[in-house]
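Geometric and topological summary
Given next are the chains, with one letter for each unit.
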Amino acid sequence: MPQPPIQPKTTSLQQAPKLLPSALLAELLERIDTDKRLVVLDMGHAMASTVRFFGEYRCQLNFIDLYAEQFILTPDPELTHSQRVAAMREALNLAPSAKIDICLFWDIFNYLDDAHTKALIEVLEPHISTATGALVINPRDSRHYLPFYRYGIADQDNFMQVESTGTQPTIFARSQRDLNNLVDYFAIDRGRLISEGRAEYLLFENRNIDKTDRSMI
Amino acid sequence: MFSKYKKFISGSDDSSLKSDNKAGIFEPSLQSAVIGAGVTIEGQVISHEDMVIAGEVRGAVIAKNHHIHIATSGIVKADITAKIISVEGTVTGNVTGLERVIITATSNVQGNIECPRVTLEDGAKFKGSIEMNPGEPTQSILPIFPVTSVKKRSSSARSDQIGAKAS
């Protein structure tokens, strides 16, 4: 049963960036070949620390800033699936041949309804390989409040988080199991609890996994 | 000599034009050219000296051996190729830095950046890709032609297949 959207909150004062310890970023970096040129997709806002971090690698770092797109700020429920896919494709603006090594979803799925989440996953599919790893931040369960942050990478053991300004878009909270089902060819490989009622998930492409695991919350 | 041009660079406070030493922000010299805030240029700008763009340029900007600084009032709808590029204003187009690119907190950049070393300050509005290779200077120079729209992001990346240990 889908959860009703959670009422957004508004903040006006931007705080200084803070470190958010991560146990899974280092694991992601261990499991991909960082000696070759990396292609990184960051769904969020460009942050200085993320650019600094990947400046040590030979890489292409793509900042999508999906959070600023109209389909998040003022979603149109009348759109057809093909229109949603077209809007998502335009927002991602990926070259047809691009293959992504690291996908930093952050908490974007919480701001996309199921239809838009499916559109995002569909548009990404040609750019995903078995080597693609992804990170997601989510409330521990659908009852937890989602803080309104922007995220980046500080170092391999820490994310960077900074409080967002403005009005938090509508939140579509999901359980880990519901999210795992929605991300289709991705599968949650492991998760860790982090502060403020959140969890970080490490995802890999895995089309063969049994997603009927009832142990997920 | 440069001081007489400063009044035309609206929106560029003096502090932002002082240090090329620390953050890499432009320090105008006597050899600096200035495209003032009230000037619009359409076409190809080739500079053999450091240059401040406080006005508007549409087309292409090239200064292979020099520093191009886009001041806060500057609007560039063009591909930029230069040794060092620092942006405080608005850029729509591809940015190729042969040595260094600095995107400051006040800037709004939409396009693809290619440079061995890229610095982006928190607060900057940036959408696009950043191609970084800390081991090598940038070799490729973007083609020169008038810009009508931002190019689609391109990626020649190949992804070597490795086995994910997903359970």
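The structure presented is a predicted model; accordingly, all values stated were derived computationally and were not measured.

Parameters at a glance
- Residues numbered from 1 in each chain as written.
- Chains lettered and ligands numbered in written order.
- Predicted model: local features only at pLDDT ≥ 70, side-chain atom pairs only at ≥ 80, totals over all residues.
- Heavy atoms only, no water.
- Helix = DSSP H or I, 4+ residues; strand = E, 2+ residues; numbered from the N terminus.
- Buried < 20%, exposed > 50% of the residue type's maximum accessible area, 1.4 Å probe, protein only.
- Areas by Shrake-Rupley, 256 points an atom, 1.4 Å probe, with all protein chains shown as cover.
- Polar contact = N/O pair within 3.5 Å; in protein donor to acceptor, adjacent residues only side chain to side chain.
- Pairing = 2+ DSSP bridges.
- Core = buried A, V, L, I, M, F, W, Y, C linked by side-chain atoms within 4.5 Å.
- Contact = heavy atoms within 4.5 Å.
- Axes fitted to C-alpha atoms, helices over the stretch in contact; angles between N-to-C directions.
- Salt bridge = Lys/Arg side-chain N within 4 Å of Asp/Glu carboxyl O.
- Expected span 1.5 Å × (residues − 1).
- Arc of directions from axis to C-beta.
- Phe/Tyr/Trp six-rings, centres within 6.5 Å; stacked < 30°, edge-to-face > 60°.
- Right-handed = clockwise from strand over helix to strand, strands pointing away.
- pLDDT = per-residue confidence, 0-100.

**Describing the overall build of chain B**
- On a plain count of helices and strands, chain B comes out with one helix and 11 strands.
- Ordered by position from the N terminus, the helices and strands of chain B form the series α-β-β-β-β-β-β-β-β-β-β-β.
- Across the 167 residues of chain B, 48% fall into the buried class.
- About 7,900 Å² of surface is accessible on chain B, with carbon and sulfur atoms providing 51% of the total.

**A look at the side chain of Gln 60 of chain A**
- Within the secondary structure, Gln 60 of chain A sits in strand β4 (residues 59-63).
- At a separation of 3.4 Å, a polar atom in the side chain of Gln 60 of chain A contacts the side chain of Glu 131 of chain B.

**Let's talk about the pairing of strand β10 (residues 186-194) of chain A**
All names here are of chain A.
- Two strands pair when backbone bridges link them, and β10 and strand β11 (residues 198-205) are joined in this way by eight bridges, in the antiparallel orientation. Directly across from Arg 192, in β11, lies its bridge partner Glu 200.
- Between β10 and β11, which pair antiparallel in sequence order, lie three residues; one of them, Glu 196, sits at a positive phi of approximately 55°.

**Comments concerning the nonpolar core**
- Counting residues in each nonpolar core, the largest one holds 94 residues, and the members touching the most others are Met 43, Phe 54, Leu 66, Phe 105, Leu 120 and Leu 124 of chain A.
- Those residues in contact with Met 43 of chain A that sit more than four places away from it in its chain are Ile 64, Asp 65, Leu 66, Tyr 67, Cys 103, Leu 104, Phe 105, Ile 108, Leu 120 and Leu 124 of chain A.

**Comments concerning the sheet that holds strand β7 (residues 149-155) of chain A**
Residue and element names in this part refer to chain A.
- Pairing in this open sheet of three strands is antiparallel, and the strands run β2-β8-β7 from one edge to the other. Two strands bound the open sheet, and with one partner strand each, they are β2 (18-21) and β7. Between one strand axis and the next, the sheet turns through 40° on average, direction left out of account.
- Bridging between β7 and strand β8 (residues 158-163) involves six bridges; their strand directions are antiparallel.

**Focus: the pattern of salt bridges**
- One pass over the structure, following the stated rule, counts 12 salt bridges over all chains.
- In this structure, Arg 58 of chain B engages Glu 56 of chain B in a salt bridge whose closest nitrogen and oxygen atoms are separated by 2.8 Å.
- Residue classification places Glu 56 of chain B among the buried positions, given a relative accessible area of 15%.
- Here Lys 83 of chain B and Glu 99 of chain B are joined by a salt bridge, their closest N and O atoms 4.0 Å apart. Of this pair, Lys 83 of chain B sits in strand β5 (residues 75-87) while Glu 99 of chain B sits in strand β7 (residues 95-103), placing them 16 residues apart in sequence.
- For Glu 99 of chain B, a relative accessible area of 34% gives the class partly exposed.
- Put simply, Glu 27, Arg 31, Asp 189 and Arg 190 of chain A are held in one network by salt bridges that share partners.

**Quick notes on helix α4 (residues 81-92) of chain A**
- Given a rise of 1.5 Å per residue, 12 residues ought to cover 16 Å, and the 16 Å separating the end C-alpha atoms of α4 of chain A matches this to within 8%.
- Within α4 of chain A the residues assigned to the buried category are Arg 84, Val 85, Met 88, Ala 91 and Leu 92 of chain A. Buried residues of α4 of chain A fall within an arc of 125° about the axis and therefore sit on the same side. Seen from the buried face of α4 of chain A, the exposed residues on the opposite side, beyond 90 degrees, are Ser 82 and Glu 90 of chain A.
- Those residues of α4 of chain A that are buried are in contact with α3 (70-73) and α5 (114-124) of chain A together with β11 (125-132) of chain B.

**A word on the packing of aromatic side chains**
- Under the defined criterion, the tally for this structure stands at 11 aromatic pairs over all chains.
- For the ring pair Phe 63 of chain A and Phe 126 of chain B, a centre distance of 6.0 Å and an interplane angle of 85° mean the geometry is edge-to-face. On the criterion of chain membership, the pair formed by Phe 63 of chain A in strand β4 and Phe 126 of chain B in strand β11 is interchain, its members lying in two chains.
- With relative accessibility at 3%, the residue Phe 126 of chain B sits in the buried group.
- Ring geometry for Trp 106 of chain A and Tyr 151 of chain A: centres 5.8 Å apart, planes at 20°, overall stacked.

**Topic: the pairing of β4 of chain A**
- Burial within β4 of chain A is extensive, with five of its five residues counted as buried.
- Side-chain alternation along β4 of chain A places Cys 59, Leu 61 and Phe 63 of chain A on one buried face and Gln 60 and Asn 62 of chain A on a second face that is also buried.
- Here strand β3 (residues 38-42) of chain A runs beside β4 of chain A; their pairing, made up of five bridges, is parallel. Opposite Val 39 of chain A, over in β4 of chain A, you have Gln 60 of chain A as the bridge partner.
- The β-α-β motif built from β3 of chain A, the intervening helix α2 (residues 48-54) of chain A and the parallel element β4 of chain A has right-handed crossover chirality.
- For β4 of chain A and β11 of chain B, the ladder comprises five bridges, and the chain directions are antiparallel.

**Structural notes on unusual backbone geometry**
All names here are of chain A.
- The phi dihedral of Asp 65 is positive, around 50°, even though this residue is not glycine.
- With respect to the helices and strands, the residue Asp 65 is situated in the loop between β4 and α3.
- Taking relative accessible area as the criterion, Asp 65 reaches 16% and is therefore assigned buried.
- Although it is not a glycine, Trp 106 adopts a positive phi angle of roughly 50°.

**Re the confidence of the model for chain B**
All names here are of chain B.
- Summary statistics for chain B give a mean pLDDT of 76 and a share of 62% for residues scoring 70 or more.
- Looking at the elements of chain B, mean pLDDT is at its lowest for helix α1 (residues 3-6), recorded as 42, and at its highest for strand β6 (residues 90-92), recorded as 98.
- Note on residues 1-22: pLDDT is under 50 here. Beyond four places in sequence and across chains, it has 43 contacts.
- Segment residues 139-167: pLDDT under 50, and 83 contacts once partners within four positions in sequence are set aside and those in other chains are kept.
- Across the whole predicted complex the pTM is 0.81, and at the interface the ipTM reaches 0.87.

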